[in-house]
Amino acid sequence: MEFLFQYKKKSGQQVKYFLKEQDISKGLLAKIKFQGGDIVVNGKRENVLYELVENDHVCVVIPDEKEQYKEIWQQYCGFLDLSM
């Protein structure tokens, strides 16, 4: 799942504070960081400390839970077909 935002403020702001204003929680940011998501600013991967400037385009990619659990089950239980 992807969410797209455009940063419109004149003054700079770190990605984490901007996303908080967009109702992206700290927990969801942790999931993005540790479970295969991404934060992309103007087509380049960035972290939450990146300083946004006016007209930056921010894409937040949230990892798919089904794929995440599939990888965990395959790691611990061998092959598992979840293609229901």
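Up top is the structure these notes are about.
In this text, all values refer to a predicted model and were calculated from it rather than measured experimentally.

**Focus on the overall build of the chain**
Secondary structure assignment for the chain yields three helices and six strands. Helices and strands appear in the chain in the N-to-C order β-β-α-α-β-β-β-β-α. Here the chain holds 84 residues, and 27% of them are scored as buried. Counted over contacts in the chain with a minimum sequence separation of 6, partners at least 24 positions apart contribute 57%. When the accessible surface of the chain is split by element, carbon and sulfur atoms take 54% of a total near 6,200 Å².

**Observations regarding the layout of surface pockets**
Taken as a whole, the largest pocket spans an internal volume of roughly 430 Å³. For the largest pocket, the lining is made up of 18 residues, of which Leu29, Lys33, Ile39, Asn47 and Val48 are closest to its centre. Put simply, the parts of the chain that give the lining of the largest pocket at least two residues each are α1 (15-21), α2 (26-34) and β3 (38-41). For the lining of the largest pocket, the class distribution of residues is eight nonpolar, three polar and seven charged.

**Notes on α2**
Of the residues making up α2, those classed as buried are Leu29, Lys31 and Ile32. Buried residues in α2, looked at end-on, bunch into an arc of 155°, giving them a common side. The exposed residues of α2 that point more than 90 degrees off its buried face are Lys26, Lys33 and Phe34. Remark: Gly36 follows α2 within two positions and exhibits a positive phi of approximately 95°.

**Here we look at the side chain of Asp56**
One can find Asp56 in the loop between β5 (51-52) and β6 (57-61). In this structure, Asp56 is buried with no salt-bridge partner, the nearest side chain bearing the opposite charge being Lys44 at 11 Å. One polar contact links Asp56 to Asn42, side chain to side chain, over a distance of 2.6 Å. The contacts of Asp56, once residues within four sequence positions are left out, are Phe5, Gln6, Tyr7, Val41, Asn42, Tyr50 and Glu51.

**Some thoughts on the packing of aromatic side chains**
Any two aromatic rings considered together are summarised by their centre-to-centre distance and by the angle between their planes. Considering all chains together, one arrives at two aromatic pairs under this definition. Consider the rings of Phe5 and Phe18, whose centres lie 5.9 Å apart with planes at 90°: the pair is edge-to-face. Remark: Phe18 occurs in helix α1 and Phe5 occurs in strand β1 (residues 2-6); sequence separation between them is 13 residues. Owing to a relative accessible area of 5%, Phe18 belongs among the buried residues under this scheme. Centre to centre, the rings of Tyr7 and Phe18 are 5.3 Å apart; their planes meet at 80°, and the pair counts as edge-to-face. Here Phe18 lies in helix α1 and Tyr7 lies in the loop between β1 and β2 (13-14), a separation of eleven residues in the sequence.

Definitions and limits used
- Numbering of residues begins from 1 in every chain and follows the order in which that chain's sequence is written.
- For this predicted model, a pLDDT threshold of at least 70 governs which residues receive local features, and a threshold of 80 or more governs which side-chain atom pairs are given and counted, while totals over whole chains, interfaces and linings are taken from all residues.
- Hydrogens and water molecules were not included; the side-chain quantities draw on all heavy atoms of the structure.
- Helical segments are the DSSP runs of H or I of at least four residues, strand segments are the runs of E of at least two, and each set is numbered from the N terminus.
- The rule is simple: take the accessible area with a 1.4 Å probe, protein chains only, and divide by the maximum for that residue type; under 20% is buried, over 50% is exposed, in between is partly exposed.
- Residue contacts follow a heavy-atom distance rule, with two residues in contact if any of their heavy atoms lie within 4.5 Å.
- To be clear on the numbers: accessible area is Shrake-Rupley with a 1.4 Å probe, and residue cover counts the displayed protein chains and nothing else.
- Lining residues are defined by having an atom within 4 Å of a point belonging to a cavity or pocket. Those points lie on a 1 Å grid over the protein atoms alone, cavities being sets where a 1.4 Å probe fits but cannot get out and pockets being open sets with protein on both sides within 12 Å along at least five of seven lines.
- Grid points are joined across faces, edges and corners, and a volume is the space filled by probe spheres set on the points.
- Under the grouping applied here, Gly and all other residues not named as nonpolar or charged are polar, the nonpolar ones being Ala, Val, Leu, Ile, Met, Phe, Trp, Tyr, Cys and Pro and the charged ones Asp, Glu, Lys and Arg.
- The arc refers to the directions leading from the helix axis to the C-beta atoms.
- Counted as positive: Lys and Arg. Counted as negative: Asp and Glu, with His and the chain ends omitted from the count.
- Salt bridges are counted wherever a side-chain nitrogen of Lys or Arg sits within 4 Å of a carboxyl oxygen of Asp or Glu.
- In protein, a polar contact requires one atom able to donate a hydrogen and another able to accept it; more generally it is a pair of N or O atoms within 3.5 Å, and residues adjacent in sequence count only if both atoms are side-chain atoms.
- Any two of the Phe, Tyr and Trp rings considered here, Trp counted by its six-membered ring, make a pair once their centres fall within 6.5 Å; the pair's planes then place it as stacked at under 30 degrees, edge-to-face at over 60, or tilted in between.

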